[in-house]
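Residue-level listing of the chains:
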Amino acid sequence: AQSVSQHNHHVILSEAASLELGCNYSYGGTVNLFWYVQYPGQHLQLLLKYFSGDPLVKGIKGFEAEFIKSKFSFNLRKPSVQWSDTAEYFCAVNAQVNMLTFGGGTRLMVKP
Amino acid sequence: SQTIHQWPATLVQPVGSPLSLECTVEGTSNPNLYWYRQAAGRGLQLLFYSVGIGQISSEVPQNLSASRPQDRQFILSSKKLLLSDSGFYLCAWSPGQMDGYTFGSGTRLTVV
């Protein structure tokens with residue numbers, strides 16, 4: 001069965017710091033990869049996704065993620081975070097039909 | 001455009017009482033529909049998915065059941081709630097089996 005690991009459960013950064021959230025998955029075949037964000041009090045929103053092509057994908061609000069197939073990773077990055085980026089971030093992998101598997105989430109707090 | 005509606009937003013129910021959470025999708029036909037439960041620090045757990053009317057697949061054996069009486073309606077039910085059923089329940093839809101999902105705003109269920 002596929003699984004998704006997000007090793008950082010809580011991250012605290014100051015504004016303007018750079019962000020990288022790790023995501024690793026266990027599945028050897030073709031995968032579709034996603035990052036979702038959940039702002040306080042709001043529903044889950046799609047941040048970015050990778051299906052094929054350029055392994056560096058750009059999403060909304062200045063976020064990007066890089067798919068490294070050899071490392072089974074899809075890390076999320078942002079060069080300079082803002083207080084408004086405070087949220088919970090979920091990595092998700094769709095490797096089997098009708099099975100979008102989520103990581104445990106990373107809570108990001110950005111201090112003003 | 002497609003929209004997904006989920007209600008109620010919050011629910012407090014006594015142990016042993018029945019449950020019915022409803023989810024509807026507008027602006028699309030024959031969507032794939034999903035019920036997830038979100039627990040703090042544990043990400044999202046897929047409970048049920050449906051690829052068509054009357055077609056339900058369960059991923060985790062438990063006290064809950066799901067039904068799809070109409071193409072764009074997905075219902076999560078229980079005959080007798082347990083304390084352990086408390087949680088945040090999310091409905092989602094996708095156009096295809098390997099696509100990203102769009103989530104509803106969720107239902108916070110507290111069983112007392």
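Keep in mind it's a predicted model, so treat the numbers as computed, not measured.

Enquirer: Break down the overall build of chain B for me, citing the residues and quoting the values.
Expert: For chain B, the helix and strand inventory stands at 0 helices and 11 strands. Going from the N terminus to the C terminus, chain B shows its helices and strands as β-β-β-β-β-β-β-β-β-β-β. By principal-axis analysis of the C-alpha atoms, chain B measures approximately 40 × 30 × 25 Å. Put simply, chain B has 112 residues, and 50% of those count as buried. Restricting the contact set of chain B to residue pairs at least 6 apart, pairs at least 24 apart contribute 54%.

Enquirer: I'd like to hear about the state of the cysteines, residue by residue, with values.
Expert: As used in these notes, a disulfide is a covalent bond between sulfur atoms, one from each of two cysteines. This model, assessed by the stated rule, comprises 2 disulfides over all chains. The disulfide that involves C23 of chain A links it to C91 of chain A, with 1.9 Å between the sulfurs. Linking C23 of chain A and C91 of chain A, the disulfide has an S-S dihedral of approximately -65° and is accordingly described as left-handed. Of this pair, C23 of chain A sits in the loop between β3 (19-21) and β4 (24-26) while C91 of chain A sits in strand β10 (residues 87-96), and the two are 68 residues apart along the sequence. Here C23 of chain A falls in the buried class, since its relative accessible area comes to 0%. The disulfide bridge from C23 of chain B ends at C91 of chain B, spanning 1.9 Å between sulfur atoms. Residues C23 of chain B and C91 of chain B are joined by a disulfide whose S-S torsion is about -75°; by sign, that bridge is left-handed. You can see C23 of chain B sitting in strand β3 (residues 19-26) and its partner C91 of chain B sitting in strand β9 (residues 87-94), a full 68 residues away along the chain. Owing to a relative accessible area of 0%, C23 of chain B belongs among the buried residues under this scheme. Looking at C91 of chain B, the relative accessible area reads 0%, which means it is buried.

Enquirer: Report on the sheet that holds strand β7 (residues 65-70) of chain B, specifying residues and quantitative values.
Expert: Residue and element names in this part refer to chain B. Strands sit in the order β1-β3-β8-β7 across an open sheet of 4 strands; the sheet is antiparallel. Every interior strand has two partners, whereas the edge strands, β1 (3-7) and β7, have only one. Sheet twist, expressed as the average angle between the axes of neighbouring strands with direction ignored, equals 20°. With 6 bridges connecting them, β3 and strand β8 (residues 73-78) associate as antiparallel partners. Bridge pairing in β8 places E22 opposite I75.

Conventions used here
Going along each chain's sequence as written, the residues are numbered from 1 onward. Throughout, the order in which chains and ligands are written sets their labels, letters from A for the former and numbers from 1 for the latter. At least 70 in pLDDT is required for a residue's local features to be given in this predicted model, at least 80 for side-chain atom pairs to be given and counted, and no such filter applies to totals for whole chains, interfaces and linings, which use all residues. As a rule here, side-chain values cover all heavy atoms of the structure and leave hydrogens and water aside. What counts as a helix is a DSSP run of H or I of at least four residues, what counts as a strand is a run of E of at least two, and both are numbered from the N terminus. Only protein chains enter the area calculation, which uses a 1.4 Å probe; residues under 20% of their type maximum are buried, those over 50% are exposed, and those in between are partly exposed. Whether two residues are in contact is decided by their heavy atoms: any pair within 4.5 Å suffices. Only a pair of cysteine sulfur atoms within 2.5 Å counts as a disulfide in this structure description. In this analysis, strands are considered paired if DSSP registers two or more bridges between them. In this analysis, axes come from line fits to C-alpha atoms, helices being fitted only over the stretch in contact, and the angle between any two N-to-C directions falls in the range 0 to 180 degrees.

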